[in-house]
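# Structure assessment
Chain by chain, the residues:
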Amino acid sequence: MAQGGKNVTLRAVNTLVHPNFEIQANLPDTHSRFLIEMVQEAAGIDPGFNRFAVHYHTSPGGYYLSAINDVYAEKDKTYWCILDFNNRPVEYGMSTYEPRDGETVTFELRVDAGGQHPGFGRLLCLFRVAWFVDRASGDYDIVLLITFCD
């Protein structure tokens, strides 16, 4: 592990729909904790990771990938599966999964045979953090402003 960070590799594989692709970004010294933060880092390394979208689902909680490299999952047809270092599907979203040092995480577009994949929730349109500071006491509140597409 270099300088206290983790060494994580992100891969995205699409062999189902046009355009097919396989992209990869190595994060040799990431201090990010959760997968969603690492995808944001990867956006600065490979242009394919620049074009990703997430959506929120309450159970099992977290943000799930809805698109990468401009290829969107289609509800009840396909979904972006997150595979861990053992190539097993991760059971939670990108905002709760913490990759290990040395891990390669793969996003793979898969057929949703049952139409029951938990990753489809409401599409997140706007996410903003607001800070409110009480100047007298120095106390502050953090407010998350979230808007969902309907």
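The structure presented is a predicted model; accordingly, all values stated were derived computationally and were not measured.

## Side note on the overall build of the chain
The number of helices and strands found in the chain is 2 helices and 9 strands. Beginning at the N terminus, the succession of helices and strands in the chain can be written as β-β-α-α-β-β-β-β-β-β-β. Expressed as a percentage of the 150 residues in the chain, the buried residues total 40%. Element-wise, carbon and sulfur atoms account for 49% of the exposed surface of the chain, whose accessible area totals about 8,800 Å².

## Some thoughts on the sheet that holds strand 1 (residues 6-14)
Read from one edge of the open sheet, 4 strands run 2-1-7-6, paired in mixed fashion. Whereas interior strands pair on both sides, the edge strands pair on one side only; in this sheet they are strand 2 (21-30) and strand 6 (78-83). For this sheet, the mean inter-axis angle between neighbouring strands, taken without regard to orientation, is 15°.

## Details of the nonpolar core
Among the nonpolar cores identified, the biggest contains 28 residues, and L10, L35, F49, W80, M94 and F107 are the most heavily contacted of them. Looking at this core, the elements that each hand over two or more residues are strand 1, strand 2, helix 1 (35-42), strand 4 (62-68), strand 6 and strand 7 (104-111). Looking at this core element by element, the count peaks at 5 residues for helix 1. The contact partners of F49, leaving out residues within four places of it in the chain, are L10, R11, A12, I23, Q24, A25, V39, A42, A43 and I68.

## So, the pattern of salt bridges
When the charged atoms of two side chains with opposite charge come close together, those side chains can pair. Counted by the stated rule, this structure contains 6 salt bridges. As a salt-bridge pair, R33 and E98 come within 3.2 Å of each other at their nearest N and O atoms. Here E98 lies in the loop between strand 6 and strand 7 and R33 lies in the loop between strand 2 and helix 1, a separation of 65 residues in the sequence. Its salt-bridge partner being D70, residue R51 comes within 3.0 Å of it at the nearest N-O pair. Remark: D70 occurs in the loop between strand 4 and strand 5 (71-72) and R51 occurs in the loop between helix 2 (47-50) and strand 3 (52-57); sequence separation between them is 19 residues.

## Quick word on the environment of A67
For A67, the location among the structural elements is in strand 4. For the pair A67 and A53, spaced 14 residues apart in sequence, the C-alpha to C-alpha distance is 4.9 Å. Not counting residues within four places of it along the chain, the set of residues in contact with A67 comprises R51, F52, A53, Y72 and W80.

## A word on the side chain of K6
With respect to the element layout, K6 can be found in strand 1. Despite its burial, K6 pairs with no opposite charge; the closest candidate is E98, at 5.4 Å N-O. Within the local environment of K6, its side chain forms a polar contact with the backbone oxygen of P99, the two atoms lying 2.8 Å apart.

## Here we look at the pairing of strand 6
Of all 6 residues in strand 6, 6 are buried; the element is thus mostly enclosed. The side-chain alternation of strand 6 yields two buried faces, one formed by T78, W80 and I82 and the other by Y79, C81 and L83. Two elements, strand 6 and strand 7, share 6 bridges in a ladder whose sense is antiparallel. Bridge pairing links I82 to F107 in strand 7.

Criteria and thresholds
- Residues numbered from 1 in each chain as written.
- Predicted model: local features only at pLDDT ≥ 70, side-chain atom pairs only at ≥ 80, totals over all residues.
- Heavy atoms only, no water.
- Helix = DSSP H or I, 4+ residues; strand = E, 2+ residues; numbered from the N terminus.
- Buried < 20%, exposed > 50% of the residue type's maximum accessible area, 1.4 Å probe, protein only.
- Areas by Shrake-Rupley, 256 points an atom, 1.4 Å probe, with all protein chains shown as cover.
- Pairing = 2+ DSSP bridges.
- Axes fitted to C-alpha atoms, helices over the stretch in contact; angles between N-to-C directions.
- Core = buried A, V, L, I, M, F, W, Y, C linked by side-chain atoms within 4.5 Å.
- Contact = heavy atoms within 4.5 Å.
- Salt bridge = Lys/Arg side-chain N within 4 Å of Asp/Glu carboxyl O.
- Lys, Arg positive; Asp, Glu negative; His and termini not counted.
- Polar contact = N/O pair within 3.5 Å; in protein donor to acceptor, adjacent residues only side chain to side chain.

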